[in-house]
Amino acid sequence: MIRKPLLMMLLFAVFAISCGWFETDAEPQPRLSMFVGVDISGSFVKGDYFDDALNFLSYYIYCHLHALDDLKEPNVLFVGAIGGAREGEPKTFFPIQTFENKSIEEIRTQLKEIFPKEGINPYTDYNAFFEQVATTVRNRNLLLRPISIVMLSDGVPDVESSQAADYESIDLSPLEKLARSITVRLLYTDAATAKKWQTLVSRRRVKMWTQDAKVMTSWNDETIFVPNQPIEEQTRFFEWLKDNVDFGVRSAFLR
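Every residue gets a number counted from 1 within its own chain, in the order that chain's sequence is written. This being a predicted model, a pLDDT of at least 70 is required before a residue's local features are given, and a value of 80 or more before pairs of side-chain atoms are given or counted; all residues contribute to the totals for chains, interfaces and linings. Only hydrogens and water are set aside when side-chain values are computed; all heavy atoms of the structure are taken into account.

1. Regarding helix H8 (residues 235-244)
Part 1: Within H8 the residues assigned to the buried category are Phe 237, Phe 238, Trp 240, Leu 241 and Asn 244. All buried residues of H8 fall inside an arc of 160 degrees around its axis, so they share one side.
Part 2: Next to the buried residues of H8 lie helix H3 (50-65), strand E7 (207-212) and helix H7 (213-216). Accessibility here uses a 1.4 Å probe with only protein chains present; expressed as a share of the type maximum, an area under 20% marks a residue as buried, one over 50% as exposed, and anything in between as partly exposed. Each helix is a run of H or I in the DSSP string that is no shorter than four residues. Each strand is a run of E no shorter than two, and both are numbered from the N terminus. As used here, the arc is the angular range of directions from the helix axis to the C-beta atoms. Residue contacts are defined here by distance: any two heavy atoms, one from each residue, within 4.5 Å place the two residues in contact.

The structure is reproduced here in structure tokens:
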């Protein structure tokens, strides 16, 4: 039996909610944790797609920070390099404040300062990048929040086995228990490399999406990104972005 004081409190709570007394105008805070890695190895920096990748990334970051066309706004954003002068070398993660309150042009300038072409490193180390992401998530208490990891890279690891790139050495295990929703997006690769990431890189909870460089460079085609049109009105670009980059992916163990 419910005692009378407790019953009165319950009735008051129901009445207050029905009258809207507890309503608030505060919008729910975004929960997405976004990490962006840029390949600074010679094979990618000296290749055909590095400039296009940084240009695309400036738009991608700006659109997500402003949640344009219902793109997911990140609560935290970290941008860092994939690779270094030696195996396991940690790199600086630039936080969201580095890019907030900046125009697309200012973000592009910032990215070129962070990733200069003359700052080439010989070693592409995906494992060190994944480990640094995991450490950041734990240290910042971002556990259980959705995580999006975007990598601009040709996707070819420098770890070699029998004189061939060893994709099985790529270790996603540090990411597996960080959250229920973890997506790794590898952009600017090629079809053969993408297939190896999809089939040879072991994973269970982590979701994987790859996109070929030839598809990625089509983002700034005039039929997709209309010249002299404000970014807020780039409907075709947002459609392309959602279909080719921010595509929803199923976990490996659900397939």
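2. Points about the pattern of salt bridges
Part 1: Should a side-chain nitrogen of Lys or Arg be within 4 Å of a carboxyl oxygen of Asp or Glu, the pair is scored as a salt bridge. Throughout the structure, instances matching the rule amount to 4 salt bridges.
Part 2: Of the charged contacts in the structure, one is a salt bridge between Lys 242 and Asp 69, with a shortest N-O distance of 2.7 Å. Of this pair, Lys 242 sits in helix H8 while Asp 69 sits in the loop between H3 and strand E2 (74-82), placing them 173 residues apart in sequence.
Part 3: Given a relative accessible area of 31%, Lys 242 falls into the partly exposed group.
Part 4: You can call Asp 69 partly exposed: its relative accessible area is 40%.
Part 5: Among the salt bridges present, the one from Arg 236 reaches Glu 239, with a minimum N-O distance of 3.5 Å.

3. A word on the nonpolar core
Part 1: Residues grouped as a nonpolar core are buried Ala, Val, Leu, Ile, Met, Phe, Trp, Tyr and Cys residues, joined through side-chain atoms within 4.5 Å. Counting 45 residues, the largest nonpolar core has Phe 56, Phe 115, Tyr 188 and Phe 237 as the members making the most contacts within it.
Part 2: Per element, the largest residue contribution to this core is 11 residues, and it comes from H3.
Part 3: Those residues within four positions of Phe 115 in sequence are excluded, and the remaining contacts are Val 38, Ile 40, Phe 50, Leu 54, Val 79, Gly 80 and Ala 81.
Part 4: Within the second largest apolar cluster, 28 residues are counted, among which are Val 137, Leu 142, Leu 178 and Ala 179.

4. Details of the sheet that holds E7
Part 1: Two strands qualify as a pair provided DSSP detects at least 2 bridges between them. Reading across from one edge, E2-E1-E3-E6-E7 is the order of the 5 strands in this open sheet, with parallel pairing throughout. Where the open sheet ends on each side, the last strands, each with one partner, are E2 and E7. Going across the sheet, the axis of each strand differs from the next one's by a mean of 15 degrees, ignoring polarity.
Part 2: As defined by bridge partners, strand E3 (residues 147-152) adjoins strand E6 (residues 182-189) across 6 bridges and the pair is classed as parallel. Looking at the pairing, Ile 149 lines up with Val 184 of E6. In this analysis, axes come from line fits to C-alpha atoms, helices being fitted only over the stretch in contact, and the angle between any two N-to-C directions falls in the range 0 to 180 degrees.

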